[in-house]
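Per-entry structural report
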Amino acid sequence: MGLRQFATPLSLLAALSDVAFAQNTATAPGQPRQTGAIGQFEIIGNSGVSAQQLFLGTEDKIYIIDKVEGNPLQIGGHPAWAVEYSLESNTAKPLDIVTNSFCAGGNVMADGTWLNVGGNQAVTYGGEAAESQTGGGAYDDPDGRQSTIVPCDDDSCTWKVDGDMTTQRWYPTVEGLEDGSLIILGGCTNGGYVNDAGQDNPTYEFFPSKGDPQTSHILQTTLPTNLFPLTWLLPSGKILLQSNWDTALLNYHTGEETPLDTMPDAVRTYPASAGTIMLPLTPANNYTATVFWNPQQTVIVNLQAVTSCQKITPDVSGSYVADDPLPQARVMGQLIYMPTGMILMVGGAGTGTAGYGNDTWAIGHSYADDPILTPVMYNPDAPAGKRWSSDGLGASTVPRMYHSTATLVPDGSVIISGSNPNPDYTVGDGVKYPTDYRVERFYPSYYNQRRPQPKGLLTQLTYGGSYFDVTLDSDDLFGDVSNIEKTKVVVIRTGFATHTMNMGQRYVELKTTYSGYNANNTAILHIVVGNGKVGTQEIKDVENLPDSNLFSTDASGNGGNGGSDGSKSNSSLSNQPLLIFVLAAAILPFLVSRW
């Protein structure tokens, strides 16, 4: 028996409409549909499948992916293990993802197409291997290790198989490259708590394919904790790889790997599962990448994690630098960008590691215990010793353990879902950490503020080239044109969330200048920044931005002498944090913020 009949190959690059990449301006963003209790969590819906993997696919739709298991939600005569979740209606529609996506990786391509790659063998009840690896049986799930699957980008979305992979990969990492394609790294063939030489896959390859997989020295020499290697494309074009204790820079064009210092204090890769993130790239730091690691966890369920945090700036130095320790030890805490440049850590546990199993010392099946319900915020710009704080942040009521995920969404809130440290759908009395479908929304400090509604945002950005203008009216600037002086424009890619990572997550502040008009308290932001295609990206000469000015007139020269006078209003709001942001669909998420 082959793959189910409807799982026909899909041309990846035809997955999105041409309209998405026309060089047009976007509709000005509106206001959130609701207010929320600042610093608090609210349960808003039911996902129908546990959110082992999650990503924002459109402005309204989140795609949630589970492993194959006995979820009550059905599709095509078998349990669903994927859904399309609407942020507007807070409802989940089951999708047929066809193959077993258990512990797959994923990311988004330059054309806005999302790829889910790898996964586990076909299974039956309790996660045991199925007799057939090509479908049929209890869950009708073909072997996920040999399939790539792609979502469409509209309300009729379905998943389709895109042919076989060249090699089996369970726990692979997927990172986007500068040409809009993807690199797929590592994994193993059969899975397990940690890797071993008999099933190791220490190679990387590309999607679309650029030839046979290539062997990586760092992945070859970092058993047993080389699964989900921590990976970032750097501004230099090299790739930072961190696996077990080791760190290296990979030139994927030549295959050369340059060793860097070993990770201090503790292993951070799965199943230790430290949260990781690249700190914001800004004009102030000359777009220099610094990657941050929070604490890891011990391998014993009743021992506490360490609080050590480390960071490295690999294009500058191969050495790690200690950062402020976490105020409370935590494993599996996920790090999410806030529009303000702050970083939210949410979910996780105080003891144990990622993973589950039928062990006498496990908590049910969970290898972690003592859920941490209160988030914590990291401020990369704060002085040393003052970067972590939970001030004003309330506790969730939902333990977010292994196989839980989170993402920033277009209204600036954070969606959190999942938790299922079990081999199959597991609920009932006495189950401490059951399969959890509850969807929560977290309301950051800025959430209830009026949102400026900038006009002129583009649906597509280019590398360099001419600057573009965004206009802000008096309401956008809260009646005080001097607020334009503290405006910042950032692009946020929310990434593919799984296993304490958001693969591909980035925060880039763009270069801007402004023209402000005191006569009517309006302003124009001048913004300079690929092109929505997979392949060599055109890099244009950057047009110089005009100087920043505050004029006494309006934009037409009326209401004053037209000269630059630098005058400012005395508005009481001028020194308070304000936000101007829009997060577009997954094609090109970006956000305009001011504080």
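None of these values were measured; they are calculated from a predicted model.

Cut-offs used in this document
Residue numbers here run from 1 along each chain, matching the order of that chain's written sequence. Where local features are concerned, this predicted model is filtered to residues with pLDDT of at least 70; where side-chain atom pairs are given and counted, the filter is 80 or more; whole-chain, interface and lining totals use all residues. The side-chain quantities take in all heavy atoms of the structure and omit both hydrogens and water. Two strands qualify as a pair provided DSSP detects at least 2 bridges between them. A run of DSSP states H or I qualifies as a helix once it reaches four residues; a run of E qualifies as a strand once it reaches two. Both are numbered from the N-terminal end. Whenever a helix is involved, its axis is fitted only over the stretch in contact; in every case the axis is a line through C-alpha atoms, and angles between N-to-C directions fall within 0 to 180 degrees. What counts as a salt bridge is simple: a side-chain nitrogen of Lys or Arg found within 4 Å of a carboxyl oxygen of Asp or Glu. Partly exposed residues are those whose accessible area sits between 20% and 50% of the maximum for their type, while under 20% is buried and over 50% is exposed, using a 1.4 Å probe and protein chains only.

1. A few points about the sheet that holds strand 29 (residues 388-389)
Strand order in the open sheet formed by four strands is 24-25-28-29, with antiparallel pairing between adjacent strands. Pairing within the sheet leaves two strands with one partner each, and these edge strands are strand 24 (334-337) and strand 29. Summarising the sheet, strand 24 and strand 25 (residues 343-346) pair through four bridges and their orientation is antiparallel. Each bridged residue has a counterpart across the sheet, and for Tyr337 the counterpart in strand 25 is Ile343.

2. Quick notes on the sheet that holds strand 17 (residues 239-243)
Adjacent strands of a sheet form backbone hydrogen bonds with each other and so pair up, either parallel or antiparallel. Read across the open sheet, the four strands follow the order 16-17-18-19; overall the sheet is antiparallel. Two strands in the sheet have a free side with no partner beyond their single neighbour: strand 16 (230-233) and strand 19 (256-259). Each strand axis lies, on average, 25 degrees off the axis of its neighbour in the sheet, ignoring direction. Direction of pairing for strand 17 relative to strand 18 (residues 246-251): antiparallel, over a ladder of five bridges. Residue pairing in the sheet places Ser243 in a bridge with Asp246 of strand 18.

3. Thoughts on the pattern of salt bridges
Applying the stated criterion across every chain yields a total of 14 salt bridges. Lys67 is the partner of Glu69 in a salt bridge, and the nearest nitrogen-oxygen pair spans 3.3 Å. Given a relative accessible area of 0%, Glu69 falls into the buried group. The exposure class assigned to Lys67 is buried, which follows from its relative accessible area of 1%. Here Glu440 ties to Arg400 by a salt bridge, and the two come within 3.0 Å at their closest N and O atoms. Pair noted here: Glu440 is in strand 32 (residues 438-442) and Arg400 is in the loop between strand 29 and strand 30 (404-408), with a separation of 40 residues, a long-range link. Given a relative accessible area of 2%, Glu440 falls into the buried group. Under the relative-accessibility criterion, Arg400 is labelled buried at 3%. Sharing partners across several salt bridges, the network here consists of Lys311, Asp323 and Arg387.

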